[in-house]
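Okay, here's what each chain looks like letter by letter:
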Amino acid sequence: MATAGKVIKCKAAVVWEADKPISIEEVEVAPPKAHEVRVKIVATGICRTDDHVRKGSFLNIDYPVIPGHEGAGIVESIGEGVTCVKPGEKVIPLCIPQCGECSSCLNPNTNCCLKIHFCESQNLMPDKTSRFTCKGKPIHHFLWISTFSEYTVMPDSAIARIDAAAPLDKVCLFGCGFSTGYGAAINTAKVKPGSTCAIFGLGGVGLSVVIGCKAAGASRIIGIDINKDKFAKAKELGATECINPQDFKKPIQEVLFDITSQGVDYSFEVIGRVDTMVAALASCNMGSGTCVMVGSTPLGAQISIDPVLLLTGRTWKGSLLGGIATTEPNVIQILNGCCVQTPCLFSPLGWKLKDTIPKLVTSYMERKLNPDMLISHILPFDKINEGFELLHSGKSIRSILLF
Ligand code: CND
Ligand code: ZN
Ligand code: ZN
């Protein structure tokens, strides 16, 4: 491309300081260095995690920063040594890289590459410099991918090539929300057919858990939210009933025990609050219940529980980006949207984000998976603050911003 090797000026959303509104700025984006890729972002969703970054409640963020982590785009240029993508190809940036070399990448049962932001800050590129400048100041990256910039640079370990025919304005959801929620149900919890599930929080990620529970054959799917407006879509996507904790005098875990008689088989916390995490754990049945924590809590949050909840056989797990790395053939089949009875075409190798996201996109193209209903609003990128207002007011599920 004509821009290769040159600095590109483009629009980006910059958070100059925590808890300040986002401002749209003209930024300069430097060309990719060795093992880096520069991508033209076409579409990006707004996830609650971006709001945590904006507010200053996400772990280890340096400001000023360009957030955004649910994008899809086209490779503009590549640095030396990049072999996994070429200019012109459609890609999804990965919020968890797959370096291919660390002990996690060599372990087929986890997607938590040790280059993840929680181990090693991703506010700068791996060489500890930034590719973004604005008004003469370096601007930090977010999770190495900063999809709230029309052009952005990422390491080649944090990018996945996808089907050339994939609609970028739809499949950007595979970059975070859908893969996170769906994978939490199918892979992390391994929801069994006929089971009872409770999902705390019915935003874009929680509704993706609902889709996953339904695909896994759960017979009772209970949606929980303090915003009743989320219930209609939850039911359309597979929730069998929805409840608002504010309608009851009792704690929600007691309500769930009343309506299920012994608690739920699987619960998911998809809000990001300590109290609902404890309530979700306490809602599981004794002996075999599994609770999966998906929501991201405010910086420094600590959790306190009665150990008897675990002593009596409940399992408590966490899931990042769906924890999608698995060697189990039946899980891979469901992830692919295949029927569990049909032999699976994909080999049961450990799945990491770089490997898994393209396969999920292929399943979308084959109409085996469909997260389109999660998209409630489509806005031009300039209206990003309107997108955040829709999130705050509870009116949106996912707003997609188009450059
Ligand atoms: P979003 O804000 O759209 O949804 C949260 C839902 O929770 C809303 O419908 C709220 O009405 C509801 N809610 C809020 N408070 C309560 C309460 N006390 N009781 C019941 N319901 C309540 O958020 P999202 O779906 O984009 O993200 C959900 C969480 O998941 C958030 O914390 C985000 O940061 C996190 C997340 C995690 C991961 C991961 O990999 N684990 C990836 N992306 C996002
Ligand atoms: Zn790794
Ligand atoms: Zn997210």
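Please refer to the structure higher up on the page.
Quick caveat, the model's predicted, so the values are computed rather than measured.

1. Section: the overall build of the protein
Inference 1: Tallying secondary structure elements over the protein gives 12 helices and 17 strands in all.
Inference 2: Over its C-alpha trace the protein gives a radius of gyration of 20 Å, about what one expects of a compact globule, namely 22 Å for 403 residues.
Inference 3: Going through the 403 residues of the protein one by one, you find that 55% of them count as buried.
Inference 4: For the protein, contacts bridging at least 24 residues in sequence account for 69% of all contacts bridging at least 6.
Inference 5: Only carbon and sulfur atoms are counted for the fraction: they give 55% of the accessible area of the protein, which is about 16000 Å².
Inference 6: Both charge centroids of the protein, one from 40 positive and one from 38 negative side chains, sit 2 Å from each other.

2. Quick look at the sheet that holds strand 2 (residues 23-29)
Inference 1: Strand order in this open sheet of four strands is 1-2-6-7, and the pairing throughout is antiparallel. Looking at strand neighbours, the two that pair on one side only are strand 1 (8-14) and strand 7 (137-139), the edges of this open sheet. Going from strand to strand, the sheet's axes swing by 45 degrees on average, the running direction of each strand aside.
Inference 2: When strand 2 meets strand 6 (residues 132-134), the two strands line up antiparallel, connected through two bridges. Pairing of Val29 across the sheet is with Phe132, part of strand 6.

3. A word on helix 11 (residues 353-365)
Inference 1: For helix 11, with 13 residues, the first-to-last C-alpha span of 18 Å sits near the 18 Å given by 1.5 Å per residue.
Inference 2: Along helix 11, the positions that sit buried rather than exposed are Leu353, Lys354, Thr356, Ile357, Pro358, Leu360, Val361, Ser363 and Tyr364.
Inference 3: Of the residues flanking the end of helix 11, it is Arg367, one or two places downstream, whose phi is positive at about 60 degrees.

4. Observations concerning the coordination of the zinc ion (ligand 3)
Inference 1: For the zinc ion (ligand 3), every protein donor is listed as Cys47 (SG), His69 (NE2) and Cys176 (SG), and the spread of their distances is 2.1 to 2.4 Å.
Inference 2: Taken in chain order, the donor set of the zinc ion (ligand 3) reads C-x21-H-x106-C. Here the residue His69 occupies a position in the loop between helix 1 (48-55) and strand 4 (71-78), and Cys176 occupies one in the loop between helix 3 (168-171) and helix 4 (177-189), the gap between them amounting to 107 residues.

5. Considering the pattern of salt bridges
Inference 1: Under the defined criterion, the tally for this structure stands at 18 salt bridges.
Inference 2: For the salt bridge of Lys40 with Glu150, the shortest nitrogen-to-oxygen distance reads 3.1 Å. Residue Lys40 is located in strand 3 (residues 36-45), and its partner Glu150 is located in the loop between strand 7 and strand 8 (151-155); the two are separated by 110 residues in the primary sequence.
Inference 3: In this structure Lys40 comes out as partly exposed when scored by relative accessible area, which is 27%.
Inference 4: Judged by relative accessible area, Glu150 falls into the buried class, the value being 19%.

6. Some remarks on the coordination of the zinc ion (ligand 2)
Inference 1: Protein ligation of the zinc ion (ligand 2) involves Cys99 (SG), Cys102 (SG), Cys105 (SG) and Cys113 (SG), the donor distances falling in the range 2.3 to 2.4 Å.
Inference 2: Considering all four donor atoms around the zinc ion (ligand 2), the spread of angles at the metal, 105 to 117 degrees, places the coordination shape in the tetrahedral class.
Inference 3: One chain supplies every donor for the zinc ion (ligand 2), spaced along it as C-x2-C-x2-C-x7-C.
Inference 4: Among the residues examined, Cys113 registers a relative accessible area of 1% and is labelled buried.

7. A few points about the packing of aromatic side chains
Between two aromatic rings, the relevant description is the distance of the centres plus the angle of the planes.
Inference 1: Tallying each qualifying case throughout the model produces seven aromatic pairs.
Inference 2: Centre to centre, the rings of Phe148 and Phe388 are 6.2 Å apart; their planes meet at 90 degrees, and the pair counts as edge-to-face. Pair noted here: Phe148 is in the loop between strand 7 and strand 8 and Phe388 is in helix 12 (residues 384-392), with a separation of 240 residues, a long-range link. Here Phe148 matches Phe388 in class, with each residue buried.
Inference 3: Centroid distance Phe174 to Tyr364: 5.9 Å. Interplanar angle 70 degrees. Geometry classified as edge-to-face. Of this pair, Phe174 sits in the loop between helix 3 and helix 4 while Tyr364 sits in helix 11, placing them 190 residues apart in sequence.

8. Notes on the site of ligand 1
Inference 1: Near ligand 1, the surroundings consist of 28 residues, among which Arg48, Thr49, Asp225, Leu321 and Arg398 are the closest.
Inference 2: Take Val205: an N or O atom from its main chain is 3.0 Å from an oxygen atom of ligand 1.
Inference 3: Interatomic distance of 2.8 Å between a side-chain N/O atom of Arg398 and an oxygen atom of ligand 1.
Inference 4: Every element with two or more residues in the shell around ligand 1 is listed here: helix 1 and helix 5 (204-215).
Inference 5: When grouped by side-chain class, the residues that make up the shell around ligand 1 number 11 nonpolar, 12 polar and five charged.

9. Focus: the environment of Glu89
Inference 1: The topology assignment puts Glu89 in the loop between strand 4 and strand 5 (90-93).
Inference 2: A residue is classified by how much of its surface remains accessible, and Glu89, at 18% relative accessible area, is buried.
Inference 3: Put simply, Glu89 and Arg314 are 225 residues apart on the chain and 45 Å apart in space, counted from C-alpha to C-alpha.
Inference 4: Once residues within four sequence positions are removed from consideration, Glu89 is found in contact with Gly73, Ile74, Val75, Cys84 and Arg161.

Basis of the calculations
- Residues numbered from 1 in each chain as written.
- Chains lettered and ligands numbered in written order.
- Predicted model: local features only at pLDDT ≥ 70, side-chain atom pairs only at ≥ 80, totals over all residues.
- Heavy atoms only, no water.
- Helix = DSSP H or I, 4+ residues; strand = E, 2+ residues; numbered from the N terminus.
- Rg over C-alpha atoms; globule rule 2.2 N^0.38 Å.
- Buried < 20%, exposed > 50% of the residue type's maximum accessible area, 1.4 Å probe, protein only.
- Contact = heavy atoms within 4.5 Å.
- Areas by Shrake-Rupley, 256 points an atom, 1.4 Å probe, with all protein chains shown as cover.
- Lys, Arg positive; Asp, Glu negative; His and termini not counted.
- Charge placed at Lys NZ, Arg CZ, Asp CG, Glu CD.
- Pairing = 2+ DSSP bridges.
- Axes fitted to C-alpha atoms, helices over the stretch in contact; angles between N-to-C directions.
- Expected span 1.5 Å × (residues − 1).
- Donors = N, O, S within 2.8 Å, 3.2 Å for Na, K, Ca; no water.
- Salt bridge = Lys/Arg side-chain N within 4 Å of Asp/Glu carboxyl O.
- Tetrahedral: all angles 85-135°; square planar, octahedral: opposite > 155°, others 65-115°.
- Phe/Tyr/Trp six-rings, centres within 6.5 Å; stacked < 30°, edge-to-face > 60°.
- Near = heavy atom within 4 Å.
- Polar contact = N/O pair within 3.5 Å; in protein donor to acceptor, adjacent residues only side chain to side chain.
- Nonpolar A, V, L, I, M, F, W, Y, C, P; charged D, E, K, R; others polar.

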